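# Remarks on the overall topology
Here are the chains, one letter per residue:
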Amino acid sequence: MNAIEFENVSKKYKIGLKKDSLRDAIPAALKGLFNRRREEEGLQMNEFWALKDINFTIAKGEALGIIGSNGAGKSTILKLLAKITKQTKGNININGKLSALIEVGTGFHPDLTGRENIYLNGAIMGLKKKEIDKKFDSIVEFSELEKFIDTQVKRYSSGMYVRLGFSVAAHIKPDILLVDEVLSVGDMNFQRKCLRMIEDLVKNNTTIIFISHNLDMVRKVCSKGIFLNKGEISFYGKSGEAVENYKKSVYELNNTHDQTGETKQTYIKEVKVFDANGKEINVFSKGENIKIRIYFKTGNDINEKFVFGVSLWAFDGTKCFGYNTKNDGLIIEQIKNEGIVELELKNVNLLSDTYLLNVGIWNELVTYPYDLRNGIAEITIKNSRKGVGVVDLDSEWHIY
Amino acid sequence: MLTAIKDLIQYRDLLFILAARDIKVRYKQTFMGIAWALLQPLSLVIIFTIVFSKLARVPSEGIPYPIFSYCAILPWIFFSSSVNTGVSSIVSNMNLVTKIYFPREVLPFATMIACLFDFLIASIIFIGMMIFYKISLTIYMFWVPLIILIQIIFTLGFVLLSSAGNVFFRDVKHVMPILVQLWMYLTPIIYPLSLVPEKYKVFYMLNPMAGIIESYRNVILKDLPPDYFYLSLAFIVSLVLFILGYTYFKKSEKVFADII
């Protein structure tokens, strides 16, 4: 059975010119009497389509990522699903108990204590008082706020606030969960907790709709993806492909944008990862050499002394390293057309994980990037040693 | 309508938790705390007794003026504070309305419950006054819960209408205190109903609050049954307003998040 069905859904919004007071409304109403119009069809001057003819279905237990630039209509889809607002046209079918994590800590009242807010927040999210009673202890434990639970939340730090809000949300256990960008707040530790919770939910057959600008998270968490562009579905399919489509469109947009300017783009064509023998792979064992090759093209910025930068990140956001040609004492004199820059990592001592490469071409002062590509390539390290963190230092235990 | 009621029942815990929030927040960080619920009606009785009874010599049908006026002030404050806080109940919870779905009528209903709580607290003083003025209990007092119910239906209808209207036009919020003030003088609170000329009485009694307040006085102070005609009239007007208000509210709630 499908958890969610969208059939030809459109949503129209008004921009500006709100009639907030009666003084404006009365003349407008009188005007409306004389030239009637059909509410659903066509656009008035100050209206626009936030969503246009959206069609998709999600099966139970599937995770769908929605990506797109700001204003593409991502949040509007969530608001329609959460029944906060209503579509102008089309049908939406939802099967199952739905819960929205649109903003952590929605409805917290600053004057109430943590304890009181847990009940308030839980009730707002649709839990019964009895259910909250049952989950109360584990909510408090998860938030690590035992000491402050009877303190008014206005005395909380923003981190504590977020932790409490998320704890409540994590305990709702709905059939369908909507997540909007909440994972971008909070520290690393908190993000990891969120991610683990989402993974658990997916395993437990919860349907998830996930909106994020963190494309790699979308790719990892979701099986399906929608790339929204100006209120329309530009791609709907596997999440990895949706991410690629989105990246391509952002890239093309940047390119066309720059063609109107004076200079032609300098950009990274692609980044490839090779082993010591020059074979293109991206899975390595501990201690191997890794060659990262940046294929680039320069535009008319011929007087620029380009600086190339490479950084490596663990999936949870931990930065492993970041090097650039300038800091390493390499001065690159004018390059014409295209070329390759290679960074060879020797004897890579990292713990097992999948790491992401960020690559950039910068100006001489490293203040402005000509091109910056986050997560352009992946490197997976296989290491028999278990440990926390990213680096595997040559080490052994001694007992005396 | 039926699904709306089912929805509301499902969210009844939210209703009471929100009401508890309103009550707690109102008296947090105040020195007097919950005593404010008593002080507000009490100070009005003192002012009214001095100005209207002692200076202006307003008659009170042989009943001591303080209890005569308190019997009306108490339910009136319940009504006026419900209206004045209820009108902005949707707008002041904007962060909830734009982020989470729940039946929106929970918000005005919750503010009403919070005001009902204050009303019950302030009734303690009334019981004290009844003992002081030696008002004996009568069989007619069984009418009191029913009259309260009619008052609640009327107030809810009015609050549903005005709180939804306030989402579209913030003017409503500004009009309300003036309207309530005027309304008080059109209701037999500081003066007895007998002061209203007979020929205007039919129009006067179209105001359900007049019928309601007069009924309280009849059954508590005068040892009389309520005036059945006027109370039924008040009930019918209240019910019609409630249905109108509820329908309008449910119809407009769909666009609250877009407009607010």
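Use the structure listed above.
Residues numbered from 1 in each chain as written. Chains lettered and ligands numbered in written order. Predicted model: local features only at pLDDT ≥ 70, side-chain atom pairs only at ≥ 80, totals over all residues. Heavy atoms only, no water.

### Here's the deal with the overall build of chain A
Within chain A one finds eight helices and 17 strands. Relative to its 400 residues, chain A shows a buried fraction of 46%. Total accessible area on chain A is roughly 21,600 Å²; 50% of this is exposed by carbon and sulfur atoms. (Helix = DSSP H or I, 4+ residues; strand = E, 2+ residues; numbered from the N terminus. Buried < 20%, exposed > 50% of the residue type's maximum accessible area, 1.4 Å probe, protein only. Areas by Shrake-Rupley, 256 points an atom, 1.4 Å probe, with all protein chains shown as cover.)

### Some details on the side chain of Ser82 of chain B
Residues and elements named next belong to chain B. Examined against the element boundaries, Ser82 turns out to sit in helix 4 (residues 65-86). Residue Ser82 is classed as buried on the basis of its relative accessible area of 1%. Among the polar contacts made by the side chain of Ser82, one reaches the main-chain carbonyl oxygen of Phe78 at a distance of 2.6 Å. Setting aside its immediate chain neighbours within four residues, Ser82 contacts Ile77, Val87, Met112, Cys115, Thr155 and Val159. (Polar contact = N/O pair within 3.5 Å; in protein donor to acceptor, adjacent residues only side chain to side chain. Contact = heavy atoms within 4.5 Å.)

### Observations regarding the interface of chain B and chain A
In this complex, chain B contributes 28 residues to the contact, which on the side of chain A involves 35 residues. At the boundary of chain B with chain A, total buried surface from both sides reaches about 2,800 Å², with 61% on carbon and sulfur atoms. Linking chain B with chain A are three salt bridges. Here Lys28 of chain B ties to Glu116 of chain A by a salt bridge, and the two come within 3.1 Å at their closest N and O atoms. One can count seven residue pairs in polar contact (both at pLDDT 80 or more) joining chain B with chain A. Elements supplying a minimum of two residues to the side of chain B that touches chain A: helix 2 (12-27), helix 5 (94-97) and helix 12 (256-259) of chain B. Looking at the side of chain B that touches chain A element by element, the count peaks at seven residues for helix 2 of chain B. Of the residues assigned to the side of chain B that touches chain A, the class counts are 14 nonpolar, four polar and 10 charged. (Buried area = accessible area lost by both parts, 1.4 Å probe. Salt bridge = Lys/Arg side-chain N within 4 Å of Asp/Glu carboxyl O. Nonpolar A, V, L, I, M, F, W, Y, C, P; charged D, E, K, R; others polar.)

### Notes on the pattern of salt bridges
Oppositely charged side chains can pair when the atoms bearing their charge come close. Residue and element names in this part refer to chain A. According to the stated counting rule, one finds 22 salt bridges over all chains in the structure shown. One salt bridge in this structure joins Lys224 and Glu62, with 3.7 Å as the shortest N-O distance. Of this pair, Lys224 sits in strand 8 (residues 224-229) while Glu62 sits in the loop between strand 2 (47-59) and strand 3 (63-67), and the two are 162 residues apart along the sequence. Owing to a relative accessible area of 25%, Lys224 belongs among the partly exposed residues under this scheme.

### Notes on the packing of helix 6 (residues 106-132) of chain B against helix 7 (residues 144-168) of chain B
Residue and element names in this part refer to chain B. One can describe the packing of helix 6 onto helix 7 by two numbers: an axis separation of 10 Å at closest approach and a directional angle of 140°. The pairing of helix 6 with helix 7 is recorded here as oblique in orientation. The crossing of helix 6 and helix 7 is right-handed. Of the residues in helix 7, those in contact with Pro108, Phe109, Met112, Leu116 and Phe119 of helix 6 are Ile148, Ile152, Thr155, Leu156, Val159, Leu160 and Ser163. (Axes fitted to C-alpha atoms, helices over the stretch in contact; angles between N-to-C directions. Parallel < 35°, antiparallel > 145°, perpendicular 65-115°, else oblique. Left-handed = near helix turned anticlockwise from the far one by under 90°.)

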